[in-house]
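Chain by chain, the residues:
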Amino acid sequence: MTPAVLVLAGPVTREEVRGMCDDVRGLLEATRAGAVVCDVGGLGPPGLGAVDLLARLQLAARRAGGRILLRDPDLALGALLNLVGLSFELEGQVEQREPALGVEEEVEPGESAV
């Protein structure tokens, strides 16, 4: 199933966050895709407001049995999310549970391949 896309534009106020969390839950229920893509390219300069928004959206998605994927994150936003200890999957990124296609494990010299 194709996940729905939620476009996040401009600075978001605290009042808008609750509505966006409701939107994420509604999109997960409507699509049953298990994920919502959040297009964060239009959020503007990253700050703690963006971190708070994304953390709340991820929490809402997980409570609804899904997750969010980030589309077009700014490098600074990714660095800020890592700094505060939040990790998000990017759209098109292979899930950590699944090995990438065509990747073979490296074998130490002298060991036989299994």
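Note that the coordinates shown come from a computational prediction; the quantities given were computed from them, not determined experimentally. (Residues numbered from 1 in each chain as written. Predicted model: local features only at pLDDT ≥ 70, side-chain atom pairs only at ≥ 80, totals over all residues. Heavy atoms only, no water.)

J.: Help me understand the overall build of the protein chain, please; the structure alone is not making it clear to me.
T.: Helix and strand counts for the protein chain come out as 3 helices and 4 strands. Secondary structure of the protein chain in N-to-C order comes out as β-α-β-α-β-α-β. For the protein chain, the proportion of its 114 residues judged to be buried stands at 28%. Of the contacts formed within the protein chain by residues at least 6 apart in sequence, a portion of 69% connects residues at least 24 apart. (Helix = DSSP H or I, 4+ residues; strand = E, 2+ residues; numbered from the N terminus. Buried < 20%, exposed > 50% of the residue type's maximum accessible area, 1.4 Å probe, protein only. Contact = heavy atoms within 4.5 Å.)

J.: What exactly am I supposed to notice about the sheet that holds strand β1 (residues 4-9) here?
T.: Within a sheet, adjacent strands bond to each other through the backbone by hydrogen bonds, running parallel or antiparallel. In space, the 4 strands of this open sheet follow the order β1-β2-β3-β4, with parallel pairing throughout. Every interior strand has two partners, whereas the edge strands, β1 and β4 (89-90), have only one. Relative to β1, helix α1 (residues 14-31) is tilted by about 165°, and along the sheet it contacts β1, β2 (35-42) and β3 (67-71). (Pairing = 2+ DSSP bridges. Axes fitted to C-alpha atoms, helices over the stretch in contact; angles between N-to-C directions.)

J.: What is the right way to look at a nonpolar patch on the surface in this model?
T.: Judged by side-chain polarity, L48, L83 and V84 come together as a nonpolar surface patch covering roughly 330 Å² of accessible area. By the secondary structure assignment, L48 is in helix α2 (residues 48-63). Overall, L48 belongs to the exposed group, its relative accessible area being 62%. (Patch = residues over 30% accessible without salt bridge, like charges linked within 9 Å, V, L, I, M, F, W, Y side chains within 5 Å. Areas by Shrake-Rupley, 256 points an atom, 1.4 Å probe, with all protein chains shown as cover. Salt bridge = Lys/Arg side-chain N within 4 Å of Asp/Glu carboxyl O.)

J.: Sorry if this is basic, but what is going on with the environment of R18 here?
T.: Among the structural elements, R18 can be located in helix α1. Residue classification places R18 among the exposed residues on the basis of a relative accessible area of 65%. Residues R18 and L53, spaced 35 residues apart in sequence, show a C-alpha to C-alpha distance of 9.3 Å.

J.: Just checking my understanding: could you explain the nonpolar core for this structure?
T.: Among soluble globular proteins, nonpolar side chains are generally buried collectively. With 24 residues, the main nonpolar core has L8, L54, L57 and I68 as its most contacted residues. Listing elements by their share of this core, those giving two or more residues are β1, α1, β2, α2, β3 and α3 (75-83). A total of 7 residues in this core trace back to one element, the largest contributor, which is α2. (Core = buried A, V, L, I, M, F, W, Y, C linked by side-chain atoms within 4.5 Å.)

J.: What exactly am I supposed to notice about unusual backbone geometry here?
T.: Leaving glycine out, the prevailing phi sign among residues is negative, and the prevailing peptide bond configuration is trans. We note that R32 has phi near 55°; this positive angle belongs to a residue other than glycine. Within the secondary structure layout, R32 lies in the loop between α1 and β2. Since its relative accessible area comes to 64%, R32 is described here as exposed. One non-glycine residue, D72, lies in positive phi territory at about 60°. Relative accessible area serves as the criterion here: at 54%, D72 is assigned to the exposed category.

Interpretation in functional terms is not warranted from these geometric data alone.
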